[in-house]
Amino acid sequence: MGCRRSARAKSFRAFRCSKRMHYEVFTAAIAVFLRLGFKKAEVALHYFFYLSSISSCNHKRNYHQRFGESPVKNCPPERIRNFVLAGHAGSGKTTLADLMLFKAGVVGRRGSVDNGTSVSDFRQEEQERKSSIYSSILHCPWKDGYFYFTDTPGNSDFCGEAMNCINISDLMVLVVDAMLGIGPGTIRAWRQATERNMPRMIFINGCDRDQANFDAVLEAIRHNYGMNVCVPYTLPIGSKGGLTGVGCVMEGVQGEYADRAAEFQSALTDAVAESDEE
């Protein structure tokens, strides 16, 4: 008899938590509707069905225990970032999104596209293709701020998904593979961000792989998009399998990378000084 009562109590708690979760997600989806209008409502629907399908009572409870009932409530607006992950197919956008969620503590295990455990690519067809088909809207606390970001497909067949998300974001993180370099998806995303006069940053991904060539990819990026526009803020310490970390050029890098970091620091300072104060 006691076991039955315990089972019913657990079931009721799960239902109550699930009901609250669906209410919060639906409220967030309505907010996106009001901002986008019904012509772009598909993004809001993705947001709703994404959280509804992957969130569980345990994950929700653990999340609230760690970050509070609603961590974004106590976050000043100036510390909230709304950005989109864009780039060519296979550049590692989804892997980067999964890693951010893991590092932020939102999930207890890092998702993997190859293993079918990605938080972003949770749909069956995406797991079978091992590639993003739809956009996924994600969020997580980050240090003393909060991130709202969108993982978009890079395949040209689904470029409409990426274009819609770029239109509603404040910032673009353009992900470029350190081995493959610039691709059609990279060019398309950069062009759209340029047309919108959208702030953007470039993330060179996969620098620890054997065939990665950070220097060559960086040179190609600066050649195509501007030597004074694309100035590295961080540099990899080591290369390929010997990669040991990342150094910030504004804070100074020790050892053999010191001269190069100083050169980029000067270039970055000049670029900021020449920019429009508005």
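The coordinates are above.
In what follows, the accompanying structure is described. (Residues numbered from 1 in each chain as written. Predicted model: local features only at pLDDT ≥ 70, side-chain atom pairs only at ≥ 80, totals over all residues. Heavy atoms only, no water.)

Regarding the nonpolar core
Selection criterion: Definition used in this section: a nonpolar core is a set of buried Ala, Val, Leu, Ile, Met, Phe, Trp, Tyr and Cys residues joined via side-chain atoms within 4.5 Å. Note on classification: 1.4 Å probe, protein chains only; a residue is buried when its accessible area is under 20% of the maximum for its type, exposed when over 50%, partly exposed between these limits. Counting from the N terminus, the helices are DSSP H or I runs at least four residues long and the strands are E runs at least two residues long. Whether two residues are in contact is decided by their heavy atoms, any of which lying within 4.5 Å being enough.
Judged by nonpolar contacts, the single largest core of 29 residues is most densely connected at Ile166, Met172, Ile204 and Ile221. Counting only elements with at least two residues in this core, the list comes to β1 (80-87), α6 (159-168), β4 (171-177), α7 (184-195), α8 (214-225) and α9 (258-274). The element best represented in this core is α8, accounting for five residues. Once residues lying within four places of it in the same chain are set aside, the contact partners of Met172 are Val84, Ala86, Ile166, Ala189, Ala193, Met198, Pro199, Arg200 and Met201. Listed in part, the 15 residues of the second largest apolar core include Leu85, Leu96, Cys140 and Val175.

Looking at the pattern of salt bridges
Close approach of charged atoms allows side chains with opposite charge to pair. Keep this limit in mind: Throughout this description, the term salt bridge denotes a Lys or Arg side-chain nitrogen within 4 Å of a carboxyl oxygen of Asp or Glu.
With the rule as written, the count across this model stands at four salt bridges. Note that Arg123 and Glu126 form a salt bridge whose closest N and O atoms lie 3.3 Å from each other. Accessibility classification places Arg123 together with Glu126 in one group, the buried group.

Some words on the pairing of β1
Our working definition: A pair of strands is treated as paired once DSSP finds two or more bridges between them.
Counting buried residues along β1, six of its eight residues qualify, which places the element largely inside the surrounding structure. Alignment of β1 against strand β3 (residues 145-151), held across six bridges, turns out to be parallel. Within β3, the position partnered with Arg81 by the bridge is Phe147. Sheet topology note: the β1/β4 ladder contains five bridges and is parallel. In the sheet register, Val84 faces β4, and the bridge partner there is Met172.

Examining the packing of α6 against α7
Under the convention used in this document: Axes here refer to lines fitted to C-alpha atoms; in helices the fit is confined to the stretch in contact. Angles between the N-to-C directions go from 0 to 180 degrees. Under this scheme an angle from 65 to 115 degrees is roughly perpendicular, one under 35 degrees roughly parallel, and one over 145 degrees roughly antiparallel; angles in between are oblique. If you view the pair so one helix is near and one far, a crossing is left-handed when the near helix is turned anticlockwise from the far one by less than a right angle, and right-handed when it is turned clockwise. Under the grouping applied here, Gly and all other residues not named as nonpolar or charged are polar, the nonpolar ones being Ala, Val, Leu, Ile, Met, Phe, Trp, Tyr, Cys and Pro and the charged ones Asp, Glu, Lys and Arg.
Two elements in contact, α6 and α7, have axes separated by 11 Å at closest approach and are oriented at 30°. Taken together, the axis directions place α6 and α7 in an arrangement best described as roughly parallel. The element α6 and its partner α7 pack so that their crossing is right-handed. Contacts between α6 and α7 involve Cys159, Met163, Ile166 and Asn167 from the first element and Arg188, Ala189 and Gln192 from the second. Among the residues making up the contact of α6 with α7, the classes are represented as four nonpolar, two polar and one charged.

A few points about α8
The following threshold applies: In this analysis, the expected span of each helix is defined as 1.5 Å times one less than the number of residues it contains. Directions pointing from the helix axis toward each C-beta atom define the arc.
Under the 1.5 Å per step criterion, the end-to-end length of α8 is 16 Å for 12 residues, consistent within 8% with the ideal 16 Å. Where α8 is concerned, the buried positions are Phe214, Val217, Leu218, Ile221, Arg222 and Tyr225. Seen end-on, α8 carries its buried residues on one side only, within an arc spanning 130°. Its buried side turned inward, α8 meets β4, α7, β5 (200-205), β6 (234-237) and α9. Directly after α8, the chain includes Gly226, whose backbone phi takes a positive value near 120°.

Quick word on the packing of aromatic side chains
Aromatic ring pairs are defined here through the distance separating the ring centres and the angle between the ring planes. What counts, and what does not: Two aromatic rings from Phe, Tyr or Trp, using only the six-membered ring of Trp, form a pair when their centres are within 6.5 Å; if the ring planes differ by under 30 degrees the pair is stacked, by over 60 it is edge-to-face, and anything between is tilted. Whether a charge sits over a ring depends on NZ of Lys or CZ of Arg being within 6 Å of the ring centre and within 35 degrees of the ring normal.
This model, assessed by the stated rule, comprises five aromatic pairs. Here Tyr146 and Tyr148 contribute two aromatic rings whose centre-to-centre distance is 5.2 Å and whose plane-to-plane angle is 45°, an arrangement assigned as tilted. Tyr146 gets classed as buried once you look at its relative accessible area, which sits at 3%. Each residue in the set Phe83, Trp142, Phe147 and Phe149 is aromatic and connected to the rest through ring pairs, giving one cluster. One cation-aromatic arrangement involves Arg200 over Trp190; the distance from NZ or CZ to the ring centre is 4.7 Å.

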